[in-house]
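Per-entry structural report
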Amino acid sequence: MTAPAPDNASNQFSERAAELRQLLTRAAHAYYVLDAPELEDAVYDQLYRELLDLETAHPELVSADSPTQRVGGTPSEGFASVAHRIPLFSLDNAFSAEELRSWYARLLKVLDREPQASEPLPALAMVGELKIDGNALALSYENGVLIRGTTRGDGEQGEEITTNVRTIASIPLRLQLDPPPWVEVRGEALIPDRTFAAINADRAARDEPLFANPRNACAGTLRQLDPKVVAARRLDFFAYTLHLPDNWEGPRPISQWECLSWLSSAGFRVNPNAALLPDLAAVETFFNSWDSQRHDLDYATDGVVVKLNDLRLQDSAGFTQKAPRWAIALKYPAEEAPSRLLRITCQVGRTGVITPVAEFEPVALAGTSVSRATLHNADRLAELDLHSGDTIVVRKAGEIIPEVLRVLSELRPEGALPLDLPHQCPSCASELVRESGEAATRCVNSSCPAILRGALRHWVSKGALDVEGMGGKLIEQLVERGLIRSISDLYGLDAALLSSLERMGEKSAENLISAMEASRSQPWARQLYGLGIHHVGEVNAKGLAAAFPDIDTLARTAVDHPEAISELHGIGPEITQSLQQWFNTPANQRLIKQLQDVGLSLASSEQERQELASRSSTDGVLSGQTVVLTGTLPSMSRTQAKELIEAAGGKVSGSVSKKTSFVLAGEEAGSKLEKANKLGISVIDEAGLVALLQSSQS
Ligand code: IVH
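All of the points below concern the structure found in this document. (Residues numbered from 1 in each chain as written. Predicted model: local features only at pLDDT ≥ 70, side-chain atom pairs only at ≥ 80, totals over all residues. Heavy atoms only, no water.)

1. Points about the packing of helix H18 (residues 551–560) against helix H20 (residues 573–584)
Relative orientation of the contacting elements H18 and H20 amounts to 110°, with a least axis distance of 8 Å. Taken together, the axes of H18 and H20 are roughly perpendicular relative to one another. In this structure, H18 crosses over H20, and the sense of that crossing is left-handed. Between H18, through Ile551, Leu554, Ala555, Ala558 and Val559, and H20, the contact on the second element is made entirely by Leu579, Gln580, Phe583 and Asn584. (Axes fitted to C-alpha atoms, helices over the stretch in contact; angles between N-to-C directions. Helix = DSSP H or I, 4+ residues; strand = E, 2+ residues; numbered from the N terminus. Parallel < 35°, antiparallel > 145°, perpendicular 65-115°, else oblique. Left-handed = near helix turned anticlockwise from the far one by under 90°. Contact = heavy atoms within 4.5 Å.)

Right under this line is the structure:
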């Protein structure tokens, strides 16, 4: 047989290249023309790189219509398209220190500053700036007056959005210095995270589709036809580049660093985190120091931009077809990336809830290697429509649990089979149950080992009985060997038995027994929380423990008079129903009996009761009041406002009724405000709320 392998391989490459071209072209159109991005940036970048690598290795695969052959997209209709006086270039990316160094080596070469073999690298001063993850704008000023604001578009032509740009408070309408006849300023428009959260909360309240992230929200806002909407969204702008007429004789910056101070004195907001960096080592330190710090900022950055400081040197380095040679974007590891799905497995939680988990080929995300991500529940699984071998988009940002964002179904292998939740519990093989109206699929076998392990882990956890030394591995062994069948069995363990277990010395066994003993005197609220009743978190457990002196009273009320529980402050119908169900379940009734038999009180101590009695019921300034939120608040998100209200003892409700104490209204408040006015309910704004909360502290 004559070797067929190379042919097959080259076929495979050209097919993959064609698939990638199609996918990337569509994504670019959706992004640039429709303002409805289909691909996450980092995913686009990575697939783009894959195509670029393929085309570099096999130049015969390059086609004129490949997205690698052009930058950006065509401006869409709706706003006038204008040619940029000076094109807006893009930036080349570097994803590692090596790529940064080879950029620097290329730069030295074009500047004719290459060192001789034995010489050290010449140091060129650079400016490090944060790479703001927003939307580039070009601003034209004539005789000091803002006359035009344009989006980047395809870099050659953008859309004229001057009326919208004028609404951005950090863009001066008139320059605050002796103006040249014309000047072009470039920078990045953005929506701060806090404002973004408020915008989305408001959209959710109005049942409008949410923005995917601040950058999409910003892009959508810039192209809003109604400037009032733009103004309400409170965009921000950081200026970073400046172009002056060649013949301008007035003061002219000679470095990027001076450009930034020029921009600042002209009245622009310049990002305060820029730094003048003497050499490449300083660039690397700057980049590394922002890797963690950037998460504390109120806006997104996906890297740093490094620019040669000296403008004359910039001039001599010049541009490639799409990017300046004198600058580079150093990117942080992607937080989203494509990967190939291997299988779906399931986790069984302590309440029996089944969580499907995607297992996929390892990818580097936010600096770690990730190969598993949650799929949440059966609905999400159905929505994703996963098939074996699918290319999926995975996200992990900082502390966020990895999740599967979506599937690139265009890349689905032929004949791939759909993947679904199993019908049986992976731990005990009993049939799984999904009740109508519930998102969760559950294992309802109360002696399922996975559920027992979860229940035990929860019982000993920090917020509950807080038993130091009782870790997950130990619990696993105890359950596996059949030494423990219920939480109450934890109190029957003896040191001799424990010390016979793996990695358990005599001393640590004794310590553990004393820790278990000590846990008996934990407060009633912690014991109640430790039972792991659905919806009874630490806060609700405290509320319930304050209202009911012991578990028998609570159980009787939950079963016979649930309405008495619903009347409690902060306890909604869901919690009441969950309590009723829990106490009605025979296995749980047995558990209570067993715990009481081993000596747990499941009741408040005399001291706890006295403390409660001495606490006044007018704890918070808003205690007993019900507040409704509407509209966008100037400085806090709805979640923040809700937290403040709740911390002051108030309750936040979703709809206005006669029971509403007052309405907290921001900008663009809608029907709730109308209803409040109709019912004669008082309305306050953010400042009013702050004053109210402060009044209680003075
Ligand atoms: S300089 C020719 N500086 O990144 C100079 N760009 O990936 C090009 N960006 O289109 C721009 N922060 O929208 C520059 N401090 C910064 C930036 C920055 C964000 C954006 C800009 C550009 C894109 C290139």
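2. Brief notes about the nonpolar core
Ranked by internal contacts, the top residues of the largest apolar core, which has 51 residues, are Trp459, Met470, Leu490 and Phe583. Going through the elements one at a time, helix H12 (449–460), helix H13 (472–480), helix H15 (506–519), helix H16 (524–530), helix H17 (538–547), H18, H20 and helix H21 (586–597) are the ones with two or more residues in this core. It is H15 that provides the largest number of residues to this core, a total of 5 residues. Those residues within four positions of Met470 in sequence are excluded, and the remaining contacts are Val460, Ile475, Leu478, Leu490, Leu493, Leu512 and Met516. (Core = buried A, V, L, I, M, F, W, Y, C linked by side-chain atoms within 4.5 Å. Buried < 20%, exposed > 50% of the residue type's maximum accessible area, 1.4 Å probe, protein only.)

3. Description of the packing of helix H3 (residues 97–110) against helix H9 (residues 280–293)
Between H3 and H9, whose axes approach to 11 Å, the crossing angle comes to 145°. Every pair of crossing elements has a handedness; the one defined by H3 and H9 is right-handed. Only Leu280, Val283 and Glu284 of H9 make contact with H3, whose side of the interface consists of Ala97, Leu100, Arg101 and Tyr104. Residues that form the contact of H3 with H9 fall into these classes: 5 nonpolar, no polar and 2 charged. (Nonpolar A, V, L, I, M, F, W, Y, C, P; charged D, E, K, R; others polar.)

4. Here we look at the sheet that holds strand S10 (residues 301–308)
Pairing is mixed across the open sheet formed by 5 strands, whose spatial order is S2-S11-S10-S3-S9. The open sheet is flanked by strand S2 (93–94) and strand S9 (275–277), the only strands paired with a single partner. Two elements, S2 and strand S11 (residues 327–331), share 2 bridges in a ladder whose sense is parallel. Opposite Asn93, over in S11, you have Ala329 as the bridge partner. Set on the sheet, H9 makes contact with strand S3 (126–132), S9, S10 and S11; between it and S3 the angle comes to about 25°. (Pairing = 2+ DSSP bridges.)

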